[in-house]
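# A closer look at the structure
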Amino acid sequence: MKVEKVTVAQALVRFLGAQRVRRDDREHQFFAGVFGIFGHGNVAGIGEALLHRPAALPYYLPRNEQAMVHTAAAFAKASNRLRALACTTSIGPGATNMLTGAAGATINRLPVLLLPGDIFATRRPDPVLQQLESEHSRDISVNDCFKPVSRYWDRINRPEQLTSALLEAMRVLTSPADTGAVTLGLPQDVQAEAFDYPVSFFEPRVWTIPRNRPDRDRLTAAADLIRGASQPLMIAGGGVHYSEATVALDRFARATGIPVAETQAGKGALPFDHPQSVGAIGATGTAAANRLARDADVVIVVGSRLSDFTTASNTAFGRGRVRFVSLNVTELDAYKLGALALVGDARVSLQDLGEALAGWHVRDSYVTQIAAEKQAWEREVDRLYSPGDGPVMSQSEVIGILNDFAGPTDVVVCAAGSLPGDLHKLWRTRTPGGYHLEYGYSCMGYEIAGGLGVKLAQPDRDVYVMIGDGSYLMMAQEIVTAVQERVKLTVLVLDNHGFASIGGLSASVGCSGFGTRYKQRGASGELDGACIDVDFVANAASMGARAVRAATRQEIRRALEEARDSEEVSVIVVPVDREQRVGGYESWWDVPVAEVSPLPDVQHARAAYERARRERHLQ
Ligand SMILES: Cc1ncc(C[n+]2csc(CCOP(=O)(O)OP(=O)(O)O)c2C)c(N)n1
Ligand SMILES: [Mg+2]
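Residues numbered from 1 in each chain as written. Chains lettered and ligands numbered in written order. Predicted model: local features only at pLDDT ≥ 70, side-chain atom pairs only at ≥ 80, totals over all residues. Heavy atoms only, no water.

### Remarks on the pairing of strand 15 (residues 298-302)
Along a regular strand, successive side chains alternate from one face of the sheet to the other. Short version of the rule: Summary of the burial criterion: residues with accessible area below 20% of their type's maximum are buried, those above 50% are exposed, and those between are partly exposed, where the area comes from a 1.4 Å probe applied to protein chains only. Runs of H or I in DSSP of at least four residues are treated as helices and runs of E of at least two as strands, each being numbered from the N terminus. Strands qualify as paired when DSSP identifies two bridges or more between them.
Most of strand 15 is tucked away, with five of its five residues classed as buried. Here strand 15 shows no split at all, with V298, I300 and V302 on one side and V299 and V301 on the other all buried. Bridge count between strand 12 (residues 232-236) and strand 15: five bridges; the pairing is parallel. Considered in strand 15, the bridge of I235 is made with V301.

### A word on empty space enclosed by the protein
Empty space among the atoms becomes visible once a probe the size of a water molecule is rolled across them. Counted only if it meets this: Method remark: on a 1 Å grid restricted to protein atoms, a set of points is classed as a cavity if a 1.4 Å probe fits but cannot get out and as a pocket if it is open with protein on both sides within 12 Å along at least five of seven lines; lining residues have an atom within 4 Å of a point. Grid points are joined across faces, edges and corners, and a volume is the space filled by probe spheres set on the points. The classification used treats Ala, Val, Leu, Ile, Met, Phe, Trp, Tyr, Cys and Pro as nonpolar, Asp, Glu, Lys and Arg as charged, and all other residues, Gly among them, as polar.
Applying the stated criterion across every chain, the model contains eight cavities of 30 Å³ or more. The volume enclosed by the largest cavity comes to roughly 570 Å³. If you go around the largest cavity, you meet 42 residues; those closest to its centre are R109, G238, G239, Y242 and G303. The set of elements that each furnish at least two residues to the lining of the largest cavity consists of helix 9 (238-242), helix 12 (308-311) and strand 16 (323-328). With three residues, the single largest contributor to the lining of the largest cavity is helix 9. Here the lining of the largest cavity is composed, by residue class, of 15 nonpolar, 21 polar and six charged. The computed volume of the second largest cavity comes to approximately 160 Å³. K267, F272, G279, W377 and E378 are, among the 20 residues lining the second largest cavity, the residues nearest its centre. Secondary structure elements with two or more residues in the lining of the second largest cavity: strand 14 (277-280), helix 15 (364-385) and helix 17 (419-426).

### Quick notes on the coordination of the magnesium ion (ligand 2)
Put simply, the test is: A donor here means an N, O or S atom no more than 2.8 Å from the metal, or no more than 3.2 Å when the metal is Na, K or Ca. Since water is not included, a site may seem to lack partners.
The protein atoms that coordinate the magnesium ion (ligand 2) are D469 (OD), N496 (OD1) and G498 (O), at distances spanning 2.0 Å. Within one chain, the residues donating to the magnesium ion (ligand 2) are spaced in sequence as D-x26-N-x1-G. Of the two residues, N496 and G498, both sit in the buried class.

### Side note on the side chain of S349
Test applied: N or O atoms within 3.5 Å of each other form a polar contact, as long as, within protein, one can give a hydrogen and the other can take it, and as long as residues adjacent in sequence are counted only when both atoms are side-chain atoms.
As for its position among the elements, S349 is in helix 14 (residues 346-356). In this structure the side chain of S349 is engaged in a polar contact, spanning 2.5 Å, whose partner is the backbone oxygen of D345.

### Details of the layout of surface pockets
By volume, the largest pocket amounts to about 1100 Å³. S501, G504, L505, R581 and W589 are, among the 45 residues lining the largest pocket, the residues nearest its centre. Elements that contribute at least two residues to the lining of the largest pocket include exactly helix 17, helix 19 (469-474), helix 21 (500-508) and helix 24 (600-615). The element best represented in the lining of the largest pocket is helix 21, accounting for six residues. A per-class count over the lining of the largest pocket returns 21 nonpolar, 18 polar and six charged. A volume near 470 Å³ is recorded for the second largest pocket. Where the lining of the second largest pocket is concerned, the elements lending two or more residues are helix 3 (65-78), helix 9, helix 10 (246-256), helix 14 and strand 19 (435-437). Ranked by residue count, the leading element in the lining of the second largest pocket is helix 10, at four residues. Tallied by class, residues from the lining of the second largest pocket come to ten nonpolar, ten polar and six charged.

### Regarding the sheet that holds strand 3 (residues 26-29)
Where we set the bar: To obtain an axis, a line is fitted to C-alpha atoms, over the contacting stretch when the element is a helix, and the angle between two such axes runs from 0 to 180 degrees between their N-to-C directions. Whether two residues are in contact is decided by their heavy atoms, any of which lying within 4.5 Å being enough.
Strand order in the open sheet made by the three strands is 3-2-11, with mixed pairing throughout. Of all the strands in the sheet, just strand 3 and strand 11 (205-208) have a single pairing partner and so form its edges. In this sheet, adjacent strand axes meet at a mean angle of 25° when their direction is disregarded. Against the sheet, helix 1 (residues 8-18) makes contact with strand 2 (19-23), strand 3 and strand 11, and its axis sits at roughly 25° relative to strand 2, the strand it touches most.

### A look at the sheet that holds strand 7 (residues 112-118)
Across the sheet, six strands lie side by side as 5-4-6-7-9-8; this open sheet has parallel pairing. The open sheet has two free edges, formed respectively by strand 5 (59-60) and strand 8 (152-155), since each of these has just one partner strand. In this sheet, strand 5 lies alongside strand 4 (residues 31-36) in parallel orientation, the contact comprising two bridges. The partner of V34 across the bridge, within strand 5, is Y59. The strands touched by helix 3 are strand 4, strand 6 (84-89) and strand 7; relative to strand 6, the strand with the most contacts, the crossing angle is about 170°.

Structure follows, in structure tokens:
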């Protein structure tokens, strides 16, 4: 066997540069680069190896480790999971900063490879700087915290372990069913250790991504069930995008006439004006989709994890008579809600199901009903896009201005606050990938870092990041990374002086928006003093962005035009009214209210909560 003596870190980097994926007739490199922040835990090991890395593996310097994992997750999402980024950190705080990003990636089923440095395997310096000490084991480091948030976790304590660990890492990262964060803890001393690795380990390796077909008998049973339905509804989730099944979905929906509702991750599976598209479903759903869901007798789920937002906390569907058919690559998801589980790839499974339903179509009266619901909903969107009468613009109007302005292939990126709900309902998506919402973890701070990941994955599309002032204050520093990379982003900061979303939720549970306004400590001793005016324009400009404030329709349009004509990062700060909010449509979200309280508002909210549960026949 031919061997070559290289360090563990060098072997790792060479291996990453040689991995390829193939799905259908497309094949390309899997890792598009390495993001990393150096410290003593990786500077000499991985740092040295990256210095003479393979040419096809660019290195990126981000500003925060959590953010770089968001960037990597967004990159993978915008690549339909066919490409990924690796992230290297030092030991200790650099490593644990990645935890939130890891959880987000795993929850959203997105491949990211995390390479935190780890404490000495030899334990020579014990404790090394930033080492967590445990009195009951020497075999613990902070990297153990990654276990529950990783789909594969390992620690490379000896050079020999690297080969099998990396093959496992690749299996998981490229598996449609198992993918998520993969964490390999890399002890600082082991990274620098040399070993005779087989040369064959560094040769190009192609991982084929399968399109598994569901069991034939179950497929027949599903087709029989759907043929017997009078008001079927489909739910398109993120799996439709990841499997690149949007064309198959379009054909299936047209051939059968079954209306299609979309989850946050699935939105854009069909263009908004597709005859079968009824828009968002669930707690942040459209009146059209939620009414159809309520009356549906068969619900066909495609590629969704069925979160509480999608199911409106298990109250969205069919008043108990409904049957579910669920098509998913993972058994975990396919079996949810007691569904008839079709475990398989969305694209080929939709094709097979379509063939099994050949000649069948929903009845004409249902077609008419769908069209009427759709039309009524579009009128509602027009209403919410139109100018209000307040002195400060409403968020929905700003969404409308951007939606009118953006081109059909442009991408809107968002994650947390009141924007995701409003965008889910109101954004008119025209092409797959045009709507990028991180709503599995809904992590404040994902937005700008995520926008960077989307733009790196899809440099030909214009990327608009919509972000609340709260999220911006949590994590805006990746503007610097975008400036560094000359990656063009247009960021709209919607400033409503705090947490409008949680403020509204707080009021609805009787807590009057406590702790959600950005105000100074007042004479009362509470946070009810003067408003804190953060100068977001100055903040963004200080990081190298072109930054402007835009408070009217005209100013926003002008700012958007200037941003479009520029190649730089643009930040447009828009004051929005905290109180003018988009309501819910025929839906509910379960947020338990205090059962006993001295506060009358809470007592009233509890009574309303119990009423709502009774009306929905919940225990
Ligand atoms: C990291 C993180 N912390 C806390 C939350 C809970 N949370 C959801 S929305 C929100 C407020 C967001 O404020 P802002 O970005 O200004 O948006 P707005 O609600 O004003 O639309 C909070 C605190 C979260 N989703 N993520
Ligand atoms: Mg806000």
